[in-house]
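# Structure at a glance
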Amino acid sequence: MSLTLTTPYAEAPAPVLAPRERETLRHIAAGRTYLQTARHMGLSKHTVDAYLRRIRAKLNISSTAELTRLAISLGL
């Protein structure tokens, strides 16, 4: 008997995310706060929050841990 792990975003192609969404995801997965990410990207923290809400909605992700796993699986 073999166990196969599947994730809800494993089937979603990487291009689903806009470039700025991917960049935001990379920063958050690296452990940066919304404010640190915003400052690095030259955005407001509200824009960072909006990008992350869009990522969560597109890929049906509810936690930061899942966002981090997604970033790792995408090689970010």
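What you see is a predicted model, and the numbers here were worked out from it, not measured in a lab.

On to the nonpolar core, then. In this structure, Leu17, Leu25, Ile28, Ala38, Val48, Leu52, Ile55, Leu59, Ile61, Leu67, Leu70 and Ala71 together form the largest nonpolar core, which totals twelve residues. Elements represented by at least two residues in this core include exactly α1 (19-29), α3 (45-59) and α4 (64-73). Those residues within four positions of Leu52 in sequence are excluded, and the remaining contacts are Thr24, Ile28, Tyr34 and Leu67.

Below, the discussion takes up the pattern of salt bridges. Applying the stated rule across the entire model yields four salt bridges. Residues Arg20 and Glu23 are paired through a salt bridge, measuring 3.1 Å at the closest nitrogen-oxygen approach. Note that Arg20 and Glu23 are positioned in helix α1 at a spacing of three residues, about one turn of the helix. Taking the relative accessible area as the measure of exposure, Arg20 reaches 31% and is therefore partly exposed. For Glu21, the salt bridge is made with Lys58, and the minimal N-O distance between the two is 2.8 Å. Separated by 37 residues along the polypeptide, Glu21 in helix α1 and Lys58 in helix α3 bring together distant segments of the chain. Taking the relative accessible area as the measure of exposure, Glu21 reaches 1% and is therefore buried. Salt bridges sharing partners connect three or more residues here, namely Glu21, Arg54 and Lys58.

Closest axis-to-axis distance for the α3/α4 pair is 11 Å, and the angle between their directions is 80°. Taken together, α3 and α4 sit at an angle that is classed as roughly perpendicular. Contact residues: α3 offers Leu52, Ile55, Arg56 and Leu59, while α4 offers Thr64, Leu67 and Leu70. Broken down by class, the residue content of the contact of α3 with α4 amounts to five nonpolar, one polar and one charged.

Turning to α4, a few remarks are in order. Considered for burial, the residues of α4 that qualify are Glu66, Leu67, Leu70 and Ala71. Around the axis of α4, the buried residues are gathered within 145° of arc, so they sit on the same side. Facing away from the buried side of α4 by over 90 degrees, the exposed positions are Ile72 and Ser73. Next to the buried residues of α4 lie α1 and α3. After α4 finishes, the residue Gly75 shows a positive phi value of roughly 75°.

What counts and what doesn't
- Residues numbered from 1 in each chain as written.
- Predicted model: local features only at pLDDT ≥ 70, side-chain atom pairs only at ≥ 80, totals over all residues.
- Heavy atoms only, no water.
- Core = buried A, V, L, I, M, F, W, Y, C linked by side-chain atoms within 4.5 Å.
- Buried < 20%, exposed > 50% of the residue type's maximum accessible area, 1.4 Å probe, protein only.
- Helix = DSSP H or I, 4+ residues; strand = E, 2+ residues; numbered from the N terminus.
- Contact = heavy atoms within 4.5 Å.
- Salt bridge = Lys/Arg side-chain N within 4 Å of Asp/Glu carboxyl O.
- Axes fitted to C-alpha atoms, helices over the stretch in contact; angles between N-to-C directions.
- Parallel < 35°, antiparallel > 145°, perpendicular 65-115°, else oblique.
- Nonpolar A, V, L, I, M, F, W, Y, C, P; charged D, E, K, R; others polar.
- Arc of directions from axis to C-beta.

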